[in-house]
Amino acid sequence: MRAAALDWSVENCTISRAMEILGERWTMVVLREVFSGVRRFDDMRVRTGVPRQVLTNRLTLLVERGVLRREPYREPGSRLRHEYRLTEMGMALWPVLVAVLGWGDRYLADAEGPPLSVEHRDCGAPVRVELRCADGHEVKDARDVLPRPGPGARRRTA
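Residues numbered from 1 in each chain as written. Predicted model: local features only at pLDDT ≥ 70, side-chain atom pairs only at ≥ 80, totals over all residues. Heavy atoms only, no water.

K.L.:
Explain the packing of aromatic side chains here, please?
P.N.:
In this description, an aromatic ring pair is defined by two values, namely the gap between the centres and the angle between the planes. What the rule picks out here adds up to two aromatic pairs. With centroids separated by 5.1 Å and ring planes inclined at 45°, the aromatic side chains of F35 and W94 adopt a geometry described as tilted. In this pair, F35 sits in helix 2 (residues 25-35) while W94 sits in helix 6 (residues 94-107), placing the two residues 59 residues apart along the sequence. On the basis of relative accessible area, W94 is assigned to the partly exposed category, the value being 34%. Ring geometry for W103 and Y107: centres 5.9 Å apart, planes at 50°, overall tilted. In this pair, W103 and Y107 are both assigned in helix 6, four residues apart and thus about one turn of the helix distant. Over the face of the ring belonging to Y73 we find R40, whose NZ or CZ atom lies 3.6 Å from the ring centre. (Phe/Tyr/Trp six-rings, centres within 6.5 Å; stacked < 30°, edge-to-face > 60°. Helix = DSSP H or I, 4+ residues; strand = E, 2+ residues; numbered from the N terminus. Buried < 20%, exposed > 50% of the residue type's maximum accessible area, 1.4 Å probe, protein only. Lys NZ or Arg CZ within 6 Å of the ring centre and 35° of its normal.)

The following block contains the structure:
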């Protein structure tokens, strides 16, 4: 049986576009750090072990694509530097990071458990990502979702 998805093009797929920005290991590590409050280049480099040029490249990409913005600061007696802050677009990635964290905790954590957890500030309960349809129904399984062409889909020509 032929998959219905073969009838429409994925040339302008937003998943592909997103992965052009996010699809490299160090990019997600940088975002983890910024979400954790680590915003300065040297602090990120020391904490993560990411090579200097790789970190420079990732931060540059995230700024160019609108995920982060550079904010100037100056320590007394030092030259002007920049720290990195999340934009609205960057803040919208929080559920993505929580979903990746949850998946990693479930399938990849060491025997002693994961090294990072996220908790609701008000009550201390663990935070997790849940899927719901627009009518509010919880989506528990990928088999409960039907992929369909969206408004920007293009019909494939044979």
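K.L.:
Would you explain the packing of helix 3 (residues 41-48) against helix 4 (residues 52-64) in this entry?
P.N.:
Close contact between helix 3 and helix 4 brings their axes to 10 Å; oriented N to C, the two are set at 125°. With respect to their mutual orientation, helix 3 and helix 4 come out oblique. For the pair helix 3 and helix 4, the crossing hand works out as right-handed. Judged by residue contacts, F41, D42, M44 and R45 of helix 3 engage R52, L55, T56 and L59 from helix 4. Residue composition of the contact of helix 3 with helix 4, grouped by class: four nonpolar, one polar and three charged. (Axes fitted to C-alpha atoms, helices over the stretch in contact; angles between N-to-C directions. Parallel < 35°, antiparallel > 145°, perpendicular 65-115°, else oblique. Left-handed = near helix turned anticlockwise from the far one by under 90°. Contact = heavy atoms within 4.5 Å. Nonpolar A, V, L, I, M, F, W, Y, C, P; charged D, E, K, R; others polar.)

K.L.:
Where do I start with the nonpolar core in this structure?
P.N.:
A general tendency of soluble globular proteins is for nonpolar side chains to be buried together. V30, L31, M44, L55, L59, L62 and L68 are the most contacted members of the largest nonpolar core, which has 20 residues in total. Those elements that place two or more of their residues in this core are helix 1 (14-22), helix 2, helix 3, helix 4 and strand 2 (81-86). In terms of residue count, the dominant contributor to this core is helix 2 (five residues). (Core = buried A, V, L, I, M, F, W, Y, C linked by side-chain atoms within 4.5 Å.)

K.L.:
Help me out: how do you make sense of the packing of helix 2 against helix 4 in this one?
P.N.:
Angle between the axes and distance between the axes are the two parameters that describe a pair of packed helices. Between helix 2 and helix 4, the shortest axis-to-axis distance is 10 Å and the interhelical angle comes to 75°. By the angle between their directions, the pair helix 2 and helix 4 is classed as roughly perpendicular. Residues W26, T27, V30 and L31 of helix 2 form the contact with helix 4, whose own contacting residues are V54, L55, R58, L59 and L62. Each residue belonging to the contact of helix 2 with helix 4 can be placed in one class, and the counts come to seven nonpolar, one polar and one charged.

K.L.:
Even after reading the chapter, I still don't get the environment of R154, so can you show me in this structure?
P.N.:
The topology assignment puts R154 in the segment after strand 4 (138-139). Looking at R154, the relative accessible area reads 44%, which means it is partly exposed. A sequence separation of 145 residues divides R154 from S9, and the C-alpha atoms of the two residues are 5.4 Å apart. Every residue in contact with R154, bar those within four places of it in the chain, is listed here: W8, S9 and N12.

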